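Summary of structural features
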Amino acid sequence: MPRRVKGDIPPFLIEGPEASGFVNMILYGDTGEGKTHLLGTIVNVPEAMPSLLIDTDGGTATIKDRDIDVTRPRSWKQIQEVYDFLRHDNTKYRSCLIDGLTETQQVQSMGVLLNEVED
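A few points on the structure. Since the structure is predicted, the reported quantities are computational estimates derived from the model, not experimental observations.

**Concerning the pairing of strand β3 (residues 95-99)**
Where burial is concerned, the two faces of β3 differ: the one with Ser95, Leu97 and Asp99 is buried and the one with Cys96 and Ile98 is not. Bridge count between strand β1 (residues 51-55) and β3: five bridges; the pairing is parallel. Residue pairing for β3: Asp55 is matched across the bridge by Asp99.

In structure tokens, the structure reads:
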């Protein structure tokens with residue numbers, strides 16, 4: 001039996017999944033671990049298609065053969081335009097994927113510095 005170390009037991013409640021009409025998730029891992037590839041498997045879920053991938057890190061080579069629409073916003077203003085479309089005008093996409101969150105946060109931080117982000 002493996003020895004348990006202090007970091008093995010999280011300081012929060014762990015529960016099993018529930019049946020739900022939707023799924024929200026965050027994938028975390030180092031570069032090259034397969035996060036984008038896993039996102040690309042959404043094409044195997046008909047209820048989630050069509051899907052829009054918001055690519056802020058430029059790493060879509062592993063899903064180049066997948067039928068997923070990709071947008072590549074390079075400023076916070078462009079990210080806000082995508083959000084506004086999805087929130088208010090979208091009648092096409094059933095799911096939205098963001099790859100990667102770290103880069104999105106960096107773009108948002110730059111948006112603050114350039115006064116693109118309103119308080």
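**Quick word on the side chain of Thr36**
Tracing the sequence through the fold places Thr36 in helix α1 (residues 35-40). Overall, the relative accessible area of 11% leaves Thr36 in the buried class. Within the structure, the side chain of Thr36 is placed 2.5 Å from the side chain of Asp99, a separation counted as a polar contact. When neighbours within four sequence positions are excluded, Thr36 is seen to be in contact with Gly59, Thr60, Thr62, Ile63 and Asp99.

**Thoughts on the pattern of salt bridges**
Scanning the entire structure with this criterion turns up three salt bridges. Among the salt bridges present, the one from Arg72 reaches Asp55, with a minimum N-O distance of 3.0 Å. Of this pair, Arg72 sits in the loop between β2 (69-71) and α2 (76-89) while Asp55 sits in strand β1, placing them 17 residues apart in sequence. Note on Arg72: relative accessible area 42%, which makes it partly exposed. Look at Asp55 and you get buried, because its relative accessible area is 0%. For the salt bridge of Arg66 with Asp65, the shortest nitrogen-to-oxygen distance reads 3.8 Å.

**Here's the deal with the sheet that holds β1**
Spatially, the three strands line up as an open sheet ordered β2-β1-β3, and their pairing is parallel. Both outer strands of the open sheet, β2 and β3, are each paired with one neighbouring strand and no more. Each strand of the sheet is rotated relative to its neighbour by a mean of 25°, with strand direction disregarded. Note: β1 against β2, three bridges, orientation parallel. Residue pairing in the sheet places Ile54 in a bridge with Thr71 of β2. With respect to the sheet, α2 is in contact with β1, β2 and β3, its orientation differing from that of β1 by roughly 160°.

Rules behind the numbers
- Residues numbered from 1 in each chain as written.
- Predicted model: local features only at pLDDT ≥ 70, side-chain atom pairs only at ≥ 80, totals over all residues.
- Heavy atoms only, no water.
- Buried < 20%, exposed > 50% of the residue type's maximum accessible area, 1.4 Å probe, protein only.
- Helix = DSSP H or I, 4+ residues; strand = E, 2+ residues; numbered from the N terminus.
- Pairing = 2+ DSSP bridges.
- Polar contact = N/O pair within 3.5 Å; in protein donor to acceptor, adjacent residues only side chain to side chain.
- Contact = heavy atoms within 4.5 Å.
- Salt bridge = Lys/Arg side-chain N within 4 Å of Asp/Glu carboxyl O.
- Axes fitted to C-alpha atoms, helices over the stretch in contact; angles between N-to-C directions.

Bear in mind that shape data such as this cannot, by itself, settle questions of function.
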